[in-house]
Amino acid sequence: MAAGEIFQGYRRERGLPGVRNVVAIIPSVFCANTVARRIADQVAGTIAFCHPVGCSQVGLDLELTARGLKGLGANPNLYGTVVVGLGCERLRPRELAEGIAAAGKPVEMVVIQEEGDTLRAIEKGVALAGRMAEEAGRQQREPFPLSELALGLKCGGTDATSGIAANPALGWVSDRLVAAGGTAIFTEVTELIGAEQILAGRGTSPQVSGEILTTIGAMEQRLAAATAGAEFKHRSALISPGNEDGGVTTVAEKALGGITKAGTGPISGVLGYGQYPAGSGLYLLDCVGHDGEAVTGLVASGCQLVVFTTGRGTPTGFPGVPVIKITGNSATFTRMRFNLDFDAGPIVAGASIAEMGAVLFAKVLSVASGEPARAELLGHDELFCITRI
Amino acid sequence: MAKALKIDSRDNCAVVLDDVRQGDRVEVRTEAGIVSLNAGSAIAFGHKIALAALAADQPIIKYGAEIGRASAAIPAGAWIHLHNVTCRRGREGRG
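For the structure given in this document, a descriptive report is provided here. Please read these numbers as outputs of a predicted model, since none were measured by experiment.

1. Structural notes on the overall build of chain B
Stage number 1. Helices and strands together make up the secondary structure of chain B, namely zero helices and nine strands.
Stage number 2. Walking chain B from its N terminus toward its C terminus, one meets helices and strands in the order β-β-β-β-β-β-β-β-β.
Stage number 3. Here the C-alpha radius of gyration of chain B, 13 Å, is about what a compact globule of 95 residues would show, namely 12 Å.
Stage number 4. Across its three principal axes, chain B shows a C-alpha extent of roughly 40 × 25 × 20 Å.
Stage number 5. In chain B, buried positions account for 47% of the 95 residues.
Stage number 6. By sequence separation, contacts in chain B at least 24 residues apart represent 44% of the contacts at least 6 residues apart.
Stage number 7. As presented, chain B carries roughly 4,500 Å² of accessible surface, and 51% of it is formed by carbon and sulfur atoms.
Stage number 8. Taken as two groups, the 13 positive and 10 negative side-chain charges of chain B have centres that lie 3 Å from each other.

Next comes the structure, spelled out in structure tokens:
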């Protein structure tokens, strides 16, 4: 394998290798958050994924929580998981633990009501997490081909440079990775309205093209229903004031600039929330555009790494998954230097997309191999956010 | 001289790459080389300038596709933004 064609990762029993190697402490319900956080506080190499859901939910809402947390637990960057339950919640801790174990991962479980109280649950959790972190720490990185990489594509804080520079550069990277047998996933279906015909034209089969149209059409209907009342008219804009200030006028303009980050290649399929792709290629994930929900969705579909383009500049990150920030706005890059990893601004000044794309691709492989992204250095972790209905 | 970029050959607007004042000469990078025109008003970095006169209801083309329609006649060199564009989708209360 030639340099530039590999990355260094952590081998897993099944599925893609990790580009990080963390032990997750995942509560099955928000009631277990404090116990989960205190276990993570006491064991280096672990991360608590606290969230506000897991009970008093029904139907699709509860199902999305279950799929999201199982998908998270199955992510290649996690060595293994300690599930922390309360005991009476609707998302049963055993269901979550079994769902994660089905991906071939080490899983342990602590249930507060079974252990007796907070202190005893923490004590047991620390012992289990400590043992798992010790095993994870013995692993060494090994070289893997690009076909073992799944990259999430995201944008946020869009301005007019996003569609000219940062997104096309990321699109070049996406095309390059998919051509090498790797996987790329884009989402933000709320932000694809106006670009659905172009995307449907890129489906690998009539069935995929139909799924793309259905997915975007359903999202548009859902938004129309949510903003139908007269009292919500002032809350119906799908683009933010920052987008408008930056020169983006309409949702279609934002969509057309946004889809350039998914390159120009064929789209192999549409993924449901928490669903992993069946093979390599470019996939569309059915999830809203909210930065946290979308990145969580990408992680819960197995992305080991996310590249996030931003014109206005955003500092956010995801625990255990590098989120590489790139901007096409050199002024933003200078102003938010410590938050941003890559300046695609030279494209605005006339540099070629291929030239900057190749430099970005090398950066992606370096971060995959262990170089920390800025969001990791700064401890940004606010993007973990389970989607709801 | 201020600069602007025409992204796709089918576009009828360009993105200005400097803060432009009213009356400034703007050089637009296009598929056919540099085209220059006068800015009809101040236009901020990243915002759109009309490359030709547009009639009311004519599509605004960027990235080679329609992003909205002119809500009134737009002269060449004018700033194109919320005040002279309609797009029914995604903006039910404001379009």
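Don't stop here, the text continues.
2. What about the sheet that holds strand E6 (residues 59–62) of chain B?
Stage number 1. In space, the three strands of this open sheet follow the order E6-E7-E9 (chain B), with antiparallel pairing throughout. Among the strands making up the open sheet, the edge pair consists of E6 and strand E9 (85–86) of chain B.
Stage number 2. Alignment of strand E7 (residues 65–70) of chain B against E9(B), held across two bridges, turns out to be antiparallel. Counterpart to Arg69(B) in the pairing with E9(B) is Thr86(B).
Stage number 3. Where helix H10 (residues 251–258) of chain A meets the sheet, it contacts E6 and E7 of chain B, and its direction lies at approximately 160° from that of E7(B).

3. Quick notes on the nonpolar core
Stage number 1. Grouped together as the largest cluster of nonpolar side chains are 103 residues, with contacts concentrated most on Phe49(A), Phe186(A), Phe318(A) and Ile60(B).
Stage number 2. Considering each element in turn, this core owes the most residues, eight residues, to helix H6 (residues 160–179) of chain A.
Stage number 3. Domain assignment of the residues forming this core places at least three in each of domain 1 (22–137) and domain 2 (145–377) of chain A.
Stage number 4. When sequence neighbours within four positions are dropped, the list of residues in contact with Phe186(A) reads Leu153(A), Leu192(A), Leu199(A), Ala262(A), Ile267(A), Leu282(A), Tyr283(A), Leu284(A) and Leu285(A).
Stage number 5. Grouped together as the second largest cluster of nonpolar side chains are 23 residues, Val23(A), Ile25(A), Ile122(A) and Ala129(A) included.

4. Brief notes about helix H5 (residues 118–137) of chain A
Residue and element names in this part refer to chain A.
Stage number 1. The terminal C-alpha atoms of H5 lie 27 Å apart, and with 20 residues this matches the ideal 28 Å at 1.5 Å per residue to within 8%.
Stage number 2. The complete set of buried residues in H5 reads Ala121, Ile122, Gly125, Val126, Leu128, Ala129, Met132, Ala133 and Ala136.
Stage number 3. Its side-chain oxygen placed 3.2 Å from the backbone nitrogen of Leu119, Asp117 serves as the N-cap of H5.

5. Quick look at the sheet that holds strand E8 (residues 183–186) of chain A
All names here are of chain A.
Stage number 1. Within the open sheet, the seven strands sit side by side as E9-E10-E8-E7-E11-E12-E13. Their pairing is parallel. Each end of this open sheet is capped by a strand with a single partner; those strands are strand E9 (267–271) and strand E13 (342–343).
Stage number 2. As judged from the four bridges shared by strand E11 (residues 305–309) and strand E12 (residues 323–327), these two strands associate in the parallel manner. Paired with Val306 across the strands is Val323, a residue of E12.
Stage number 3. Across the face of the sheet, H6 comes into contact with strand E7 (150–155), E8, strand E10 (281–285), E11 and E12 while running at roughly 165° to E7.
Stage number 4. Sitting on the sheet, helix H8 (residues 206–226) touches E9 and E10, and the angle it makes with E9 is about 45°.

6. Topic: the side chain of His51(A)
Residue and element names in this part refer to chain A.
Stage number 1. Inspection of the secondary structure puts His51 in the loop between strand E3 (46–48) and helix H2 (59–74).
Stage number 2. Taking relative accessible area as the criterion, His51 reaches 4% and is therefore assigned buried.
Stage number 3. At 2.7 Å, the side chain of His51 and the backbone oxygen of Pro27 are in polar contact.
Stage number 4. Reaching out from His51, the side chain makes a polar contact with the backbone nitrogen of Val53 at a distance of 3.2 Å.
Stage number 5. Excluding residues that lie within four positions of it along the chain, His51 makes contacts with Pro27, Ser28, Val29, Phe30, Asn33, Leu69 and Phe384.

Cut-offs used in this document
Think of each chain on its own: its residues are numbered from 1, step by step along the sequence as written. Chains carry letters and ligands carry numbers; both start at the beginning, A for chains and 1 for ligands, and go up in the order they are written. Per-residue local features of the predicted model are confined to residues with pLDDT of at least 70, and side-chain atom pairs are confined, for both listing and counting, to 80 or more; whole-chain, interface and lining totals are unaffected and use all residues. Side-chain measures here rest on the full set of heavy atoms in the structure, leaving out hydrogens and waters. Runs of E in the DSSP output that reach at least two residues are strands. Runs of H or I that reach at least four are helices, and both are numbered from the N terminus. With C-alpha atoms as the basis for the radius of gyration, the globule rule is written as 2.2 Å multiplied by the number of residues raised to the power 0.38. Note on exposure labels: buried denotes an accessible area under 20% of the residue type's maximum, exposed denotes more than 50%, and partly exposed covers the range between, all computed with a 1.4 Å probe on protein chains only. Contacts are assigned to residue pairs with any non-hydrogen atoms lying within 4.5 Å of each other. Note on areas: these come from Shrake-Rupley sampling with a 1.4 Å probe, and a residue is covered only by the protein chains present in the view. His is not counted, nor are the chain ends; Lys and Arg add positive charge and Asp and Glu add negative charge. For charged residues, the charge sits on one atom: NZ in Lys, CZ in Arg, CG in Asp, CD in Glu. Strands are treated as partners if at least two bridges between them are detected by DSSP. In this description, a line fitted to the C-alpha atoms serves as the axis of each element, helices being fitted only across the stretch in contact, and the angle between N-to-C directions of two axes falls anywhere from 0 to 180 degrees. What we call a nonpolar core is a set of buried Ala, Val, Leu, Ile, Met, Phe, Trp, Tyr and Cys residues that are connected through their side-chain atoms within 4.5 Å. Bear in mind that the domain bounds are from an automatic or database domain assignment. Under the convention used throughout, the expected extent of a helix is 1.5 Å for every residue step, that is, one less than its residue count. N or O atoms within 3.5 Å of each other form a polar contact, as long as, within protein, one can give a hydrogen and the other can take it, and as long as residues adjacent in sequence are counted only when both atoms are side-chain atoms.

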